[in-house]
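Descriptive structure summary
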Amino acid sequence: MSAALLRSSLPRWVQRALVLLVALLLSACETELYNNLDQRQANEMVATLQQRGIPAQRVAVKGGQYTVVVDKARFAESITILNDAGLPKQEFQTMGQVFKKDGLVSSPTQERAQMIFALSQELSRTVSEIDGVLSARVHLVLPENDPLRQLVPSSASVFIRHRSNAAVGNLVPQVKMLVANGVAGLSYDKVSVVLVPVDSQTSSQGQDLEMVSFFGLWMQRDNLGQAMWMFFGLVALVVLLAGGLGFVLYRRGGRVYALGSSSAGPSSAGSPSVAKTGSSNVVKMS
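Description of the structure in this document. (Residues numbered from 1 in each chain as written. Predicted model: local features only at pLDDT ≥ 70, side-chain atom pairs only at ≥ 80, totals over all residues. Heavy atoms only, no water.)

Re the sheet that holds strand β4 (residues 133-141)
Strand order in the open sheet formed by 3 strands is β4-β5-β6, and the pairing between neighbours is mixed. With one partner strand each, in any of the chains shown, β4 and β6 (191-198) form the two edges of the open sheet. Averaged over all pairs of adjacent strands, the angle between their axes in this sheet comes to 10°, without regard to strand direction. Pairing of β4 with strand β5 (residues 155-163) involves 8 bridges; the strand directions are antiparallel. Residue Ser135 lies in a different strand from β5, and its bridge partner there is Arg161. Against the sheet, helix α7 (residues 172-182) touches β4, β5 and β6, its axis set at about 135° to β6. (Pairing = 2+ DSSP bridges. Helix = DSSP H or I, 4+ residues; strand = E, 2+ residues; numbered from the N terminus. Axes fitted to C-alpha atoms, helices over the stretch in contact; angles between N-to-C directions. Contact = heavy atoms within 4.5 Å.)

Regarding the environment of Arg40
Within the element layout of this structure, Arg40 appears in helix α3 (residues 39-51). Residue Arg40 is classed as exposed on the basis of its relative accessible area, which comes to 57%. When the C-alpha atoms of Arg40 and Tyr66 are compared, they prove to be 9.6 Å apart, with 26 residues separating the residues in sequence. (Buried < 20%, exposed > 50% of the residue type's maximum accessible area, 1.4 Å probe, protein only.)

Thoughts on the packing of helix α6 (residues 108-128) against α7
Contact geometry for α6 and α7: axes closest at 11 Å, N-to-C directions at 155°. One finds that α6 runs roughly antiparallel with respect to α7. Considering the relative orientation of α6 and α7, their crossing is right-handed. Note on element contacts: α7 touches α6 through Val175, Leu178, Val179 and Gly182, opposite Leu119, Leu123, Thr126 and Val127. In the contact of α6 with α7, the residues fall into 6 nonpolar, 2 polar and no charged. (Parallel < 35°, antiparallel > 145°, perpendicular 65-115°, else oblique. Left-handed = near helix turned anticlockwise from the far one by under 90°. Nonpolar A, V, L, I, M, F, W, Y, C, P; charged D, E, K, R; others polar.)

Some thoughts on the pattern of salt bridges
Under the definition given, this model contains 2 salt bridges. In this structure, the salt-bridge partner of Arg40 is Glu44, at a minimum N-O distance of 3.4 Å. Of this pair, Arg40 and Glu44 both sit in helix α3, separated by 4 residues, roughly a single helical turn. (Salt bridge = Lys/Arg side-chain N within 4 Å of Asp/Glu carboxyl O.)

Details of the packing of α3 against helix α4 (residues 75-84)
Contact geometry for α3 and α4: axes closest at 10 Å, N-to-C directions at 115°. In this view, α3 runs roughly perpendicular relative to α4, as classed from their interaxial angle. Of the two elements, α3 crosses α4, and the hand of that crossing is right-handed. Facing α3, whose interface residues are Met45, Thr48 and Leu49, α4 presents Ser78, Ile81 and Leu82. Here the contact of α3 with α4 is built from residues that sort into 4 nonpolar, 2 polar and no charged.

Quick look at the nonpolar core
The biggest cluster of nonpolar side chains holds 20 residues, and the ones touching the most others in it are Val138, Leu140, Val158, Ile160, Val179 and Val191. Contributions of two or more residues to this core are made by α6, β4, β5 and α7. (Core = buried A, V, L, I, M, F, W, Y, C linked by side-chain atoms within 4.5 Å.)

What follows is the structure in structure tokens.
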């Protein structure tokens, strides 16, 4: 029996129930990879995994956040791929978040530490926006303005992790100029940049990734075989339940006797006889 013939022979409500059951069973085979993501992060992670041949999807949750789910069997592989791609990207705090008023009076030392941290976060965020950069960190050393101590010049160290096929090395002078001009009293020569290239391995399976429809439910081709086994197993279960229900109804229907006219003819041995008493019919078993 073909799938089209089986689908046309089932009632519409049965088809919808089976599709829902298949979806629930498929969701049981998936696991959360990351949650509390914004739409951009979720899209980047799903696109990266699908390019490497791993079926992934995003699920919207409350508060405008998203969750990325993958197959349980490919959870570890998905984590490795996203780490190599620098995803999810690190969240950096802004000046407003660092110096958010909390009602407490900060000491000069605390305010200075907050200022250094805020400058590092802002510069790290800017460097991370360069094409090909997977992650970036900027470390600042700003001496205190104490006339009684020997003045130590300010310095900065920039760590950049980038894709090997991206020409980030050509941008080192621009990165040093960016950091030097972003911190007061920091000279160009006191900024050091460390580049760490990461090989980008593109899986050929991503080119063969294909979405197929199974009874109106779109899924990855890798999950089609599993969905078919589940679907036809559910169909067999429904048929067995329907057969059992029909057998029970048939057995009950065989014990119902129709009460006809009030006069009863000669009855054979072992058969019920009907007699009329008053206005009611009484069934007597001989």
